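# A structural walkthrough
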Amino acid sequence: MKIMVIIAHPHMNSSRANRAMALELKQYADVYCRDLYQEYPDWNIDVEREQQLLLQYDRIVLQFPFYWYSCPPLLKKWFDDVLTFGWAYGPDGDKLQGKEFIVATTTGGSEKAYRSGGDNWFTISELIRPIQRTITKCNGTFLPAFVTYNVSQGSDAYITQEAKRYAEHIHTSMSVLAH
Ligand SMILES: Cc1cc2nc3c(=O)[nH]c(=O)nc-3n(C[C@H](O)[C@H](O)[C@H](O)COP(=O)(O)O)c2cc1C
């Protein structure tokens, strides 16, 4: 399975978790990892190129730090620009049909905070529903997310362990992830 990881982190240089995750993936030949903020410092996304890349991969991972209960804005712009009518959805908009998508995100908040009654009220699954619906509107298959919680409190050993768990998660088959 060919996997493309699209990273959207505005401050990758000061990142702990997302940087460790990206580094971990370097050892996998089947994973093509890219960084939107590095590739498009002017935010001028090359739509044609992005669409051509999407066609070449079976599984697309959207990796980002959780910012205000959502993704950083360049990834939102990527959805807006790349998932076009007649290509990703609408008449003949079937180019993402059958492709698998996984959200991989990191949070400052603890896992306990992300539950009904907890500090953040909602689970990550609930909070990423707009992304889930974006993908399913485009006939993609939305698989369970990977989440590393509590990054600011986590030790280096925790971050390293989570990066390994991340690599495993994105290599796990749909049947195992979804059931
Ligand atoms: C602008 C901004 C918004 C953030 N919003 C949230 C949030 O909504 N929930 C949360 O748990 N953490 C939030 N955080 C914390 C980040 O998610 C956390 O620092 C990041 O996931 C750590 O990953 P990194 O080491 O790769 O930067 C926010 C941080 C910033 C800078």
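First things first, this report covers the structure right here in the doc. (Residues numbered from 1 in each chain as written. Predicted model: local features only at pLDDT ≥ 70, side-chain atom pairs only at ≥ 80, totals over all residues. Heavy atoms only, no water.)

## Remarks on the overall build of the protein chain
- Per the secondary structure count, the protein chain includes eight helices and five strands.
- For the protein chain, the succession of helices and strands along the chain, N to C, is β-α-β-α-α-β-α-β-α-α-β-α-α.
- Its C-alpha atoms give the protein chain a radius of gyration of 16 Å, near enough to 16 Å, the size a compact globule of 179 residues would have.
- Within the protein chain, counting contacts between residues at least 6 apart in sequence, those at least 24 apart form 75% of the total.
- Just so you have it, the protein chain exposes about 9,300 Å², and 51% of that area is on carbon and sulfur atoms.
- In the protein chain, the 18 positive side-chain charges and the 20 negative ones have mean positions that sit 3 Å from each other. (Helix = DSSP H or I, 4+ residues; strand = E, 2+ residues; numbered from the N terminus. Rg over C-alpha atoms; globule rule 2.2 N^0.38 Å. Contact = heavy atoms within 4.5 Å. Areas by Shrake-Rupley, 256 points an atom, 1.4 Å probe, with all protein chains shown as cover. Lys, Arg positive; Asp, Glu negative; His and termini not counted. Charge placed at Lys NZ, Arg CZ, Asp CG, Glu CD.)

## Section: the site of the ligand
- As a structural note, the neighbourhood of the ligand is formed by 16 residues, with Ser15, Arg16, Phe66, Thr106 and Tyr114 the closest of them.
- Interatomic distance of 2.7 Å between a backbone N/O atom of Arg16 and an oxygen atom of the ligand.
- Gly109 places a polar main-chain atom, nitrogen or oxygen, 2.9 Å from an oxygen atom of the ligand.
- Considering the ligand on its own, with 640 Å² of exposed area, one finds that the protein chains cover 71% of that surface.
- Taken together, the residues of the shell around the ligand break down into eight nonpolar, seven polar and one charged. (Near = heavy atom within 4 Å. Polar contact = N/O pair within 3.5 Å; in protein donor to acceptor, adjacent residues only side chain to side chain. Nonpolar A, V, L, I, M, F, W, Y, C, P; charged D, E, K, R; others polar.)

## Some words on a nonpolar patch on the surface
- Together, Tyr67, Trp68 and Tyr69 make up a nonpolar patch on the protein surface, roughly 400 Å² of accessible area in all.
- Within the fold, Tyr67 resides in the loop between strand 3 (59-65) and helix 4 (73-82).
- For Tyr67, a relative accessible area of 32% corresponds to the partly exposed category. (Patch = residues over 30% accessible without salt bridge, like charges linked within 9 Å, V, L, I, M, F, W, Y side chains within 5 Å. Salt bridge = Lys/Arg side-chain N within 4 Å of Asp/Glu carboxyl O. Buried < 20%, exposed > 50% of the residue type's maximum accessible area, 1.4 Å probe, protein only.)

## Regarding the pairing of strand 4 (residues 100-106)
- The buried fraction of strand 4 is high, at seven of seven residues.
- Where burial is concerned, the two faces of strand 4 agree: the one with Glu100, Ile102, Ala104 and Thr106 and the one with Phe101, Val103 and Thr105 are both buried.
- Taken together, the seven bridges between strand 3 and strand 4 define a ladder with parallel strand orientation. By the bridge assignment for strand 4, Leu62 is matched with Val103.
- One crossover worth recording links strand 3 to the parallel strand 4 by way of helix 4, and it is right-handed. (Pairing = 2+ DSSP bridges. Right-handed = clockwise from strand over helix to strand, strands pointing away.)

## A closer look at the packing of helix 1 (residues 17-25) against helix 7 (residues 156-171)
- Remark: helix 1 packs on helix 7, axes separated minimally by 9 Å, with the N-to-C direction vectors making an angle of 55 degrees. One element, helix 1, and the other, helix 7, form an angle in the oblique class. Pair helix 1 / helix 7 crosses with right-handed handedness. Residues Ala17, Ala20, Met21, Glu24 and Leu25 of helix 1 form the contact with helix 7, whose participating residues are Ile159, Ala163, Lys164, Tyr166, Ala167 and Ile170.
- Here the residues of the contact of helix 1 with helix 7 are counted per class, giving nine nonpolar, no polar and two charged. (Axes fitted to C-alpha atoms, helices over the stretch in contact; angles between N-to-C directions. Parallel < 35°, antiparallel > 145°, perpendicular 65-115°, else oblique. Left-handed = near helix turned anticlockwise from the far one by under 90°.)

## Remarks on the nonpolar core
- Among the nonpolar cores identified, the biggest contains 36 residues, and Leu62, Phe64, Leu75 and Trp78 are the most heavily contacted of them.
- Looking at this core, the element that brings in the most residues is helix 4, giving five residues.
- Residues contacting Phe64, with those up to four places away along its chain left out, are Ala8, Asn18, Ser70, Cys71, Pro72, Leu75, Val103, Ala104, Thr105, Thr106 and Ile131.
- Ranked by size, the runner-up nonpolar core spans 18 residues in total, among them Ile7, Met21, Leu143 and Phe146. (Core = buried A, V, L, I, M, F, W, Y, C linked by side-chain atoms within 4.5 Å.)

## Here's the deal with helix 3 (residues 47-56)
- Among the residues of helix 3, Glu50, Gln51, Leu53 and Leu54 are the ones counted as buried. The arc that holds every buried residue of helix 3, seen down its axis, measures 160 degrees, which confines them to one face.
- Turning to helix 3, the residues buried within the fold contact strand 1 (3-7), strand 2 (31-35), helix 2 (36-39), strand 3 and helix 4. (Arc of directions from axis to C-beta.)

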